[in-house]
Amino acid sequence: AKNVDWNKLWSEGRQKINDYRPANQVSLPHAHKNASFTVDMSRQLEIDVPDGKGGILYPKGTVINPLASSKYSHILVVLDGDDPDQVSWFRDSPYSKKTNVKLLLTDGNYYKVAEKLRRQVFYVSPLIVSRFQLRAVPSVVSQAGEVMQVQEIAVPRKRTKQ
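Right, let's walk through the structure included here. (Residues numbered from 1 in each chain as written. Predicted model: local features only at pLDDT ≥ 70, side-chain atom pairs only at ≥ 80, totals over all residues. Heavy atoms only, no water.)

Attention shifts here to the pairing of strand 10 (residues 147–152). Bridge analysis of strand 1 (residues 35–39) against strand 10 gives five bridges, and the strand direction is antiparallel. What sits directly across from phenylalanine 37, in strand 10, is valine 150. Across six bridges, the pairing between strand 9 (residues 139–144) and strand 10 is antiparallel. Its bridge partner lying in strand 10, valine 141 is registered against valine 150. (Pairing = 2+ DSSP bridges. Helix = DSSP H or I, 4+ residues; strand = E, 2+ residues; numbered from the N terminus.)

What follows is about the pattern of salt bridges. Should their charged atoms come close, side chains of opposite charge can pair. Within the structure shown, the criterion is met by three salt bridges. With a shortest N-O distance of 2.5 Å, arginine 157 and aspartate 83 are connected by a salt bridge. Taken together, the residues arginine 157 in the segment after strand 10 and aspartate 83 in the loop between strand 6 (75–79) and helix 2 (84–92) connect sequence positions 74 residues apart. A salt bridge links glutamate 152 to arginine 135; the shortest N-O distance between them is 3.0 Å. Note that glutamate 152 is positioned in strand 10 and arginine 135 in the loop between helix 4 (126–131) and strand 9, a separation of 17 residues in sequence. (Salt bridge = Lys/Arg side-chain N within 4 Å of Asp/Glu carboxyl O.)

Moving on, we get to the pairing of strand 7 (residues 101–105). Residues in a regular strand point their side chains to alternate faces of the sheet. Strand 7 sits mainly inside the fold: four of its five residues count as buried. As paired elements, strand 6 and strand 7 share five bridges and run parallel to each other. Residue pairing for strand 7: valine 77 is matched across the bridge by leucine 103. After leaving strand 6, the chain enters helix 2 and then returns to the sheet as strand 7, a path that is right-handed. Inspection of the sheet shows strand 7 paired to strand 8 (residues 122–123) by two bridges, in the parallel sense. (Buried < 20%, exposed > 50% of the residue type's maximum accessible area, 1.4 Å probe, protein only. Right-handed = clockwise from strand over helix to strand, strands pointing away.)

A separate point is the sheet that holds strand 6. Across the sheet, which stays open at both edges, the six strands sit in the order 1-10-9-6-7-8 with mixed pairing between neighbours. Among the strands making up the open sheet, the edge pair consists of strand 1 and strand 8. Those strands touched by helix 2 are strand 6, strand 7 and strand 9, and its axis lies near 155° from that of strand 6. (Contact = heavy atoms within 4.5 Å. Axes fitted to C-alpha atoms, helices over the stretch in contact; angles between N-to-C directions.)

Once that is clear, we can look at helix 3 (residues 110–117). Within the span of helix 3, buried status applies to Val113, Ala114 and Leu117. Looking straight down helix 3, one finds its buried side chains confined to an arc of 100°; they lie on one side. Buried-residue contacts for helix 3 involve helix 2 and strand 7. One side-chain oxygen at the N-terminal end of helix 3 lies 2.9 Å from the backbone nitrogen of tyrosine 111; it belongs to asparagine 109. At the C-terminal side of helix 3, arginine 118 shows a positive phi close to 55°. (Arc of directions from axis to C-beta. Polar contact = N/O pair within 3.5 Å; in protein donor to acceptor, adjacent residues only side chain to side chain.)

Dropping the structure here:
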């Protein structure tokens, strides 16, 4: 340990964090106009769901909407972390103050955005993009009754993408 150049090691580790991008990173175009649509989360079962007592609780083919019997209390905000306008929009929005908001990035470095906004940041997965039919960023996803509401927000351009 005495012979290790800790400053060099720390610097190299910091650089890896700053350069990190997930292999399956999803990019979405910027929203050019405000739009809103709903997504039905109902799914048809592909297998029988057992009841744990030897019977079948839900047979294959049953359509189930998880939002009919439960609440999704989080709000997902998906944005381009490389776009300073979108990051500023989030910082100045009411969403930045809410503890139930999960911030997801399509592009950008989670570490830099987390440092700038002083909050946890994650990358959006291709599955989330697909399930919520996300088309543009920023998008805000929240439950509205038995469906999910997706709002695309056109953020005015003030700066250029870094």
